[in-house]
Amino acid sequence: VGQPLHAFDFQRLSGQRIVVRRATRGEKLRTLDGVDRELTEEMLVIADADKPVALAGIMGGEDSEISAATTDVLIESAYFDPNSVRRTARRLGMDTEASRRFERGADRENVLRAQARCVELICELAGGVATEDAIDVYPQPFIPQTVEFRTARVKELTSLDVKPEN
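As the structure is a prediction and not an experimental result, all values here were calculated from the model. In this convention, every chain numbers its residues from 1, walking through the sequence in written order. Totals for whole chains, interfaces and linings use all residues, but because this is a predicted model, local features are given only for residues with pLDDT of at least 70 and pairs of side-chain atoms are given and counted only at 80 or more. Computation of side-chain values covers all heavy atoms of the structure but excludes hydrogens and water.

**Q** Break down the packing of aromatic side chains for me, citing the residues and quoting the values.
**A** Stacked, edge-to-face and tilted are the three classes for Phe, Tyr and Trp ring pairs, Trp counted by its six-membered ring, which pair at centre distances within 6.5 Å; planes under 30 degrees apart are stacked, over 60 edge-to-face, the rest tilted. Evaluation of the coordinates by the stated rule reveals one aromatic pair. Here the aromatic rings of phenylalanine 80 and phenylalanine 102 are separated by 5.3 Å at their centres, their planes lie at 70°, and the arrangement is edge-to-face. A residue pair is termed long-range when its members are at least 10 positions apart, and phenylalanine 80 in the loop between strand 8 (73-77) and helix 1 (82-92) and phenylalanine 102 in helix 2 (residues 97-103) qualify at 22 residues. Residues phenylalanine 80 and phenylalanine 102 agree in their burial class; the two are buried. Sitting above the plane of the tyrosine 79 ring, arginine 108 keeps its charged end 4.5 Å from the centroid. Each helix corresponds to a stretch of at least 4 residues labelled H or I by DSSP, and each strand to a stretch of at least 2 residues labelled E; elements are numbered beginning at the N terminus. The classification of residues rests on relative accessible area computed with a 1.4 Å probe and restricted to protein chains. Under 20% of the type maximum is buried, over 50% is exposed, and intermediate values are partly exposed. To sit over a ring, a charge needs its Lys NZ or Arg CZ within 6 Å of the ring centre and within 35 degrees of the ring normal.

Written as structure tokens, this is what we have:
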């Protein structure tokens, strides 16, 4: 559905949880491409109870990578600020499919639907079993702006006679 997702090997996550936080100076993360990355406190990471396990909106880490031995999967679906993703990706010299999608502005209202569809496909195609509903942390829900559309003004500006649909 166009929403970047990340799958973690749940058993490899310390504390069996993830949190979104800023990195601390000097923290390191080996990303899925095998490169050790030195992080700064401006960078947003997904962390387990002890350490970063992914660069938010960019790439996951090797320590929590899915493998043939994986039995429990945690699916992360989130909206990340395009500017934050862009700054981190540029600073680390990374250009990923996920970072490009977030940099261009992913649909913040599609996060849960994408996660649900992913879980549905895992259950259908890989014989998985969904064990819990999604945990939704949405501290500042987006409030769409309403724009007034005045047909008389459109005609005045464009000479087009626009009829509104009911």
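**Q** So what about the pairing of strand 5 (residues 44-47)? Which residues, and what values?
**A** Where a strand is regular, its side chains alternate between the two sheet faces. Burial along strand 5 is two-sided: the face carrying Leu44 and Ile46 and the face carrying Val45 and Ala47 are both buried. Following DSSP output, two strands are said to pair if at least two bridges run between them. Note that strand 5 and strand 6 (residues 52-55) share three bridges and pair antiparallel. Residue pairing across strands places alanine 47 opposite proline 52, the latter belonging to strand 6. Hairpin remark: strand 5 followed by strand 6, antiparallel, with four residues in the connecting loop.

**Q** Account for the nonpolar core, naming residues and giving values.
**A** Buried together is how nonpolar side chains tend to be arranged in soluble globular proteins. Judged by nonpolar contacts, the single largest core of 25 residues is most densely connected at Phe8, Leu39, Ile46, Leu55, Ile58 and Phe80. Counting residues per element, the ones that place at least two in this core are strand 5, strand 6 and helix 1. It is strand 5 that contributes the most residues to this core, four residues altogether. Non-local contacts of leucine 39, meaning those with residues more than four positions away in its chain, are made with Ala23, Thr24, Arg25, Gly26, Glu27, Lys28, Leu29, Val45, Pro52, Leu55 and Leu92. In these notes, a set of buried Ala, Val, Leu, Ile, Met, Phe, Trp, Tyr and Cys residues joined through side-chain atoms within 4.5 Å is what counts as a nonpolar core. In this description, contact between two residues means that some pair of their heavy atoms is separated by no more than 4.5 Å.

**Q** So, the pattern of salt bridges: which residues are in play, and what are the values?
**A** Salt-bridge detection follows one rule: a side-chain nitrogen of Lys or Arg within 4 Å of a carboxyl oxygen of Asp or Glu. Under the criterion given, the structure shown has 14 salt bridges. Measuring nitrogen to oxygen at the nearest pair gives 2.8 Å for the salt bridge that ties arginine 30 to aspartate 36. We classify arginine 30 as partly exposed; its relative accessible area is 39%. Taken together, the shared-partner salt bridges connect Asp95, Glu97, Arg100 and Arg101 into one network.

**Q** Report on the sheet that holds strand 5, specifying residues and quantitative values.
**A** Taking strand neighbours across the sheet as the criterion, the four strands line up as 2-5-6-7 in an open arrangement whose pairing is antiparallel. With partners counted over all chains shown, the strands left at the sheet margins are strand 2 (19-22) and strand 7 (59-60), one partner each.

**Q** Residue-level account of the layout of surface pockets, with values.
**A** Two kinds of site are reported from a 1 Å grid over the protein atoms alone, namely cavities, where a 1.4 Å probe fits but cannot get out, and pockets, open sets with protein on both sides within 12 Å along at least five of seven lines, and residues are called lining when an atom falls within 4 Å of a point. Grid points are joined across faces, edges and corners, and a volume is the space filled by probe spheres set on the points. Its volume calculated, the largest pocket comes out at about 1600 Å³. Every residue lining the largest pocket is counted, 41 residues in all, and those nearest its centre are Leu74, Ile75, Glu76, Ser77 and Ile135. Ranked by the residues each element gives to the lining of the largest pocket, the list is headed by helix 3 (residues 111-126), at eight residues. Partitioned by chemical class, the residues of the lining of the largest pocket number 24 nonpolar, eight polar and nine charged. Each residue is assigned to one of three groups, with Ala, Val, Leu, Ile, Met, Phe, Trp, Tyr, Cys and Pro labelled nonpolar, Asp, Glu, Lys and Arg labelled charged, and all others, Gly among them, labelled polar.

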